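Descriptive structure summary
What follows is each chain in one-letter form.
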Amino acid sequence: MDIRLDGIGHSYGDVEVLKDISLDISSGQIVCIVGPSGCGKSTLLRFLGGLERPKTGEVLQIGSPPEGSLNPLTYVFQDFALLPWRTVKGNVSLVLEGHGLRTDQSSAIIDDVLARTKLTEFADALPKQLSGGMKQRVAIARALAVNPAVMLMDEPLSALDSQTRELLMDDLVDLWSRQPFTAVYVTHNLAEAVRLGHRVVVLSRRPGKIREIVEIDKHLNAREFGDADLDAHQKHLWRLMRDEARAADAELLHA
Amino acid sequence: MLNKNSNGSGVQKETQGRSVTFRGGGFSPKPRRWIGPVVFLFLIVIAEWGTRAGWISALTMPRPSDVFVTFQQLYESGLLAKHLGPSLSRLVVGAAIGVSIGIGVGVLIGLFSYIRSGMVPLIAAIFPIPKIALLPLFVIWFGIGEGSKYALIAFGTFTPTVVATYGAVDNVDRSLIRMGQSFGLSWWSIVRKIVLPGAMPGILSGLRISLAIAIILLVAAEMLGAEYGIGAYILEAGSLYDLERLFAGVVILSLLGVIVSTLIGLIERYMLDWRS
């Protein structure tokens with residue numbers, strides 16, 4: 001299943017946040033969206049999953065979601081959004097309940113996704129017992145459980161420290177290599193973008209427009225921390241963004 | 001100690017430091033188990049000593065040991081059970097009605113704009129009414145029997161429960177609700193699995209207040225048409241100026257309060273162990 005953004009524009013009151021965004025997201029690819037703060041990248045992601053409606057333009061699903069997909073458009077949130085009163089297993093099972101699955105079916109799914117995210121031995125732990133990185137892995141396991149057509153990741157690693165972030169990036173690359181998934185990955189961190197993105201979409205400052213789309217051909221598995229060609233991409237992205245970011249930083253909020 | 005620099009330039013260098021003054025700490029009370037009983041014991045001993053020594057007159061306050069004897073007689077004569085039974089059933093039935101309607105209305109206020117706009121001013125209007133003042137009205141509406149007593153206690157527990165509940169629903173993390181929506185959970189699932197458990201801490205702490213009010217109202221409820229009951233017992237002792245019996249009754253209410261509070265503490269420990 002592909003996703004097409006067709007002329008998306010949006011404003012909050014008088015403030016125009018997004019303008020004329022058109023983009024195709026083809027399946028099996030990770031598309032990273034970067035941009036200076038306040039450029040509407042998270043808003044764009046909310047449009048993609050139907051949590052908010054754009055003022056102009058529309059989001060189209062092209063083709064049908066894979067067989068057995070319980071929730072084709074699935075988010076991974078920056079703040080994890082785990083229910084603190086449910087165990088790891090319970091948090092995953094939350095999104096399987098209400099789909100008429102038999103107990104053995106859903107526990108098979110839970111076991112599978114927990115194994116894929118290396119959480120099997122923490123199945124009965126409560127979120128408060130887990131580190132930030134583990135919490136985000138639970139959220140990723142929960143997203144995988146519904147077999148999504150597209151994963152919508154809203155700064156998933158931004159709440160984590162830089163070491164945990166590296167580890168989780170490796171985990172995401174592993175997950176993708178074993179079973180490619182489609183993802184839209186919003187981040188302000190350019191290192192994440194060049195590490196995980198097949199394509200990196202650079203938005204301008206408010207109102208956000210597509211400034212450039214950078215294609216990175218190198219295979220995800222072959223990318224390493226500190227690769228020279230990735231660094232070159234990252235520098236290029238930063239050059240694109242620097243002036244925008246500076247101008248965005250100097251703007252008054254809601255002015 | 002200060003040393004002169006070797007070159008004698010007059011620059012002074014401190015070689016022995018002073019330890020940095022500690023100025024953190026405090027502002028985080030921790031439970032000290034034995035302090036509570038000690039305070040109770042201290043007050044009782046003071047009262048006993050004062051009444052025996054005579055610097056507290058018998059008219060001002062009964063002797064704690066006499067109150068204890070009265071309590072013992074009450075227990076041995078079987079009257080305690082006779083008074084406690086009806087009171088407890090009034091408390092349980094009344095509070096159950098008030099709390100369950102209160103939680104229901106509170107959740108509705110927390111979730112729906114129109115109900116919120118319509119009900120919040122209404123609740124604000126009935127909250128400050130002394131429910132005791134309405135007892136004659138309840139007697140007309142629900143009869144002189146148990147009905148009016150249940151109604152009074154239910155009404156008294158309803159308002160604080162509503163206020164606590166909608167506050168608690170307001171405080172449920174919206175990002176969890178968005179998460180539920182993003183996974184396509186039904187409205188009812190979101191309410192049952194996210195809103196209600198998320199509001200539980202607030203609802204339970206509201207329950208502490210509601211149930212204390214229920215005990216307060218017990219005495220009021222038994223003002224009219226009650227032969228037996230702790231409230232009736234206290235009122236009768238009061239009108240006869242029988243301080244020993246009055247205090248014995250008051251002690252029972254206090255104990256009830258402590259028991260209820262402990263029970264809620266246990267429920268909190270069991271249901272809210274997910275809180276960090």
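Residues numbered from 1 in each chain as written. Chains lettered and ligands numbered in written order. Predicted model: local features only at pLDDT ≥ 70, side-chain atom pairs only at ≥ 80, totals over all residues. Heavy atoms only, no water.

A tally of helices and strands in chain B yields 10 helices and two strands. Ordering the α and β elements of chain B from the N terminus gives β-β-α-α-α-α-α-α-α-α-α-α. Relative to the compact-globule value of 19 Å for 276 residues, chain B shows a C-alpha radius of gyration of 28 Å, a clear excess of over 25%. Summarising its shape, the C-alpha atoms of chain B cover approximately 100 × 70 × 35 Å along the three principal directions. By residue count, 37% of the 276 residues in chain B fall in the buried class. Long-range pairs, those at least 24 residues apart, make up 66% of the contacts in chain B between residues at least 6 apart in sequence. Of the roughly 16,500 Å² of accessible surface on chain B, 68% is carried by carbon and sulfur atoms. For chain B, the distance from the average position of its 22 positive side-chain charges to the average position of its 14 negative side-chain charges is 16 Å. (Helix = DSSP H or I, 4+ residues; strand = E, 2+ residues; numbered from the N terminus. Rg over C-alpha atoms; globule rule 2.2 N^0.38 Å. Buried < 20%, exposed > 50% of the residue type's maximum accessible area, 1.4 Å probe, protein only. Contact = heavy atoms within 4.5 Å. Areas by Shrake-Rupley, 256 points an atom, 1.4 Å probe, with all protein chains shown as cover. Lys, Arg positive; Asp, Glu negative; His and termini not counted. Charge placed at Lys NZ, Arg CZ, Asp CG, Glu CD.)

For the rest of this paragraph, the subject is the pairing of strand β9 (residues 210-215) of chain A. The two faces of a sheet get side chains in turn, since along a regular strand they alternate between them. Relative to β9(A), strand β8 (residues 199-203) of chain A runs antiparallel, the two being bridged by five bridges. When the bridges of β9(A) are listed, A:R199 appears paired with A:E215. (Pairing = 2+ DSSP bridges.)

A separate point is the interface of chain A and chain B. With 21 residues of chain A at the interface, the matching set in chain B holds 17 residues. Taken together, chain A and chain B are joined by one salt bridge. The residue B:K193 makes a salt bridge to A:E97 at a minimum N-O spacing of 2.7 Å. Where chain A packs against chain B, one counts six residue pairs in polar contact (both at pLDDT 80 or more). Tallying contributions element by element places strand β5 (residues 73-76) of chain A first for the side of chain A that touches chain B, with three residues. Residues belonging to the side of chain A that touches chain B are distributed by class as follows: 14 nonpolar, two polar and five charged. (Salt bridge = Lys/Arg side-chain N within 4 Å of Asp/Glu carboxyl O. Polar contact = N/O pair within 3.5 Å; in protein donor to acceptor, adjacent residues only side chain to side chain. Nonpolar A, V, L, I, M, F, W, Y, C, P; charged D, E, K, R; others polar.)

Attention now moves to the pairing of strand β7 (residues 182-186) of chain A. Residue and element names in this part refer to chain A. Most of β7 sits out of view: five of its five residues are buried. Burial along β7 is two-sided: T182, V184 and V186 and A183 and Y185, pointing in opposite directions, are all buried. Pairing of strand β3 (residues 30-34) with β7 involves four bridges; the strand directions are parallel. The residue bridging I33 from the neighbouring strand is V186, located in β7. Relative to β7, strand β6 (residues 150-154) is paired through five bridges, and the arrangement is parallel. Paired with D154 across the strands is V186, a residue of β7. Between the parallel pair β6 and β7, the chain is carried across by helix α5 (residues 162-178), and the sense of this crossover is right-handed. (Right-handed = clockwise from strand over helix to strand, strands pointing away.)

All names here are of chain A. One open sheet accounts for three strands, arranged β2-β1-β4; its pairing is antiparallel. Either end of the sheet is taken by a strand with one partner, and the two such strands are β2 (15-25) and β4 (56-62). Sheet twist, expressed as the average angle between the axes of neighbouring strands with direction ignored, equals 15°. Across seven bridges, the pairing between strand β1 (residues 2-12) and β2 is antiparallel. Note on β2: the bridge partner recorded for I3 is I25. Strand contacts of helix α1 (residues 41-48): β1, β2 and β4, with the helix running at about 125° to β1, the strand carrying the most contacts. (Axes fitted to C-alpha atoms, helices over the stretch in contact; angles between N-to-C directions.)

Let us look at the domain arrangement of chain A. Residue and element names in this part refer to chain A. Domain annotation for chain A reports domain 1 (2-65 + 151-254) and domain 2 (82-148). The straight-line distance from the C-alpha centre of domain 1 to that of domain 2 is 26 Å. Facing 10 residues of domain 1, the contacting portion of domain 2 comprises 11 residues. A buried area of about 960 Å², summed over both sides, lies between domain 1 and domain 2, and 67% of it is on carbon and sulfur atoms. Considering only the surface of domain 1 that becomes buried against domain 2, M151, L168 and L175 emerge as the three largest contributors, covering 45% of it. If you look at where domain 1 meets domain 2, you find two salt bridges. As a salt-bridge pair, K118 and D171 come within 2.9 Å of each other at their nearest N and O atoms. Taken together, the links from domain 1 to domain 2 amount to two residue pairs in polar contact (both at pLDDT 80 or more). Element by element, the count of residues in the side of domain 1 that touches domain 2 is highest for α5, at six residues. Residue composition of the side of domain 1 that touches domain 2, grouped by class: six nonpolar, two polar and two charged. (Domains from an automatic or database assignment. Buried area = accessible area lost by both parts, 1.4 Å probe.)

What follows deals with the packing of helix α5 (residues 135-142) of chain B against helix α6 (residues 146-170) of chain B. Residues and elements named next belong to chain B. At a minimum axis separation of 8 Å, α5 and α6 run at an interaxial angle of 130°. On the basis of their axis angle, the class for α5 and α6 is oblique. Seen from above, α5 lies across α6 with right-handed handedness. Where α5 abuts α6, its residues L135, F138, V139 and F142 lie against G147, S148, A151, L152 and F155. Residue composition of the contact of α5 with α6, grouped by class: seven nonpolar, two polar and no charged. (Parallel < 35°, antiparallel > 145°, perpendicular 65-115°, else oblique. Left-handed = near helix turned anticlockwise from the far one by under 90°.)

Residues and elements named next belong to chain B. This prediction gives chain B a mean pLDDT of 90; 95% of its residues lie at or above 70. Confidence scores differ between elements of chain B, with strand β1 (residues 2-4) showing the lowest mean pLDDT of 50 and helix α4 (residues 113-126) the highest of 95. This complex was scored by the predictor with a pTM of 0.83 and an ipTM of 0.88. (pLDDT = per-residue confidence, 0-100.)

Considering all chains together, one arrives at 23 salt bridges over all chains under this definition. As a salt-bridge pair, A:E192 and A:R165 come within 3.7 Å of each other at their nearest N and O atoms. Taken together, the positions of A:E192 in helix α6 (residues 190-196) and A:R165 in helix α5 put the pair 27 residues apart, joining distant regions of the chain. A residue is classified by how much of its surface remains accessible, and A:R165, at 18% relative accessible area, is buried. Overlapping salt bridges bring together A:R86, A:E97 and B:K193 as one network.

Residue and element names in this part refer to chain A. Notably, D20 is not glycine yet its phi reads approximately 50°, a positive angle. Within the secondary structure, D20 is located in strand β2. Located in the positive-phi region is E155, a residue other than glycine, with phi close to 45°. By the secondary structure assignment, E155 is in the loop between β6 and α5. Under the relative-accessibility criterion, E155 is labelled buried at 9%.

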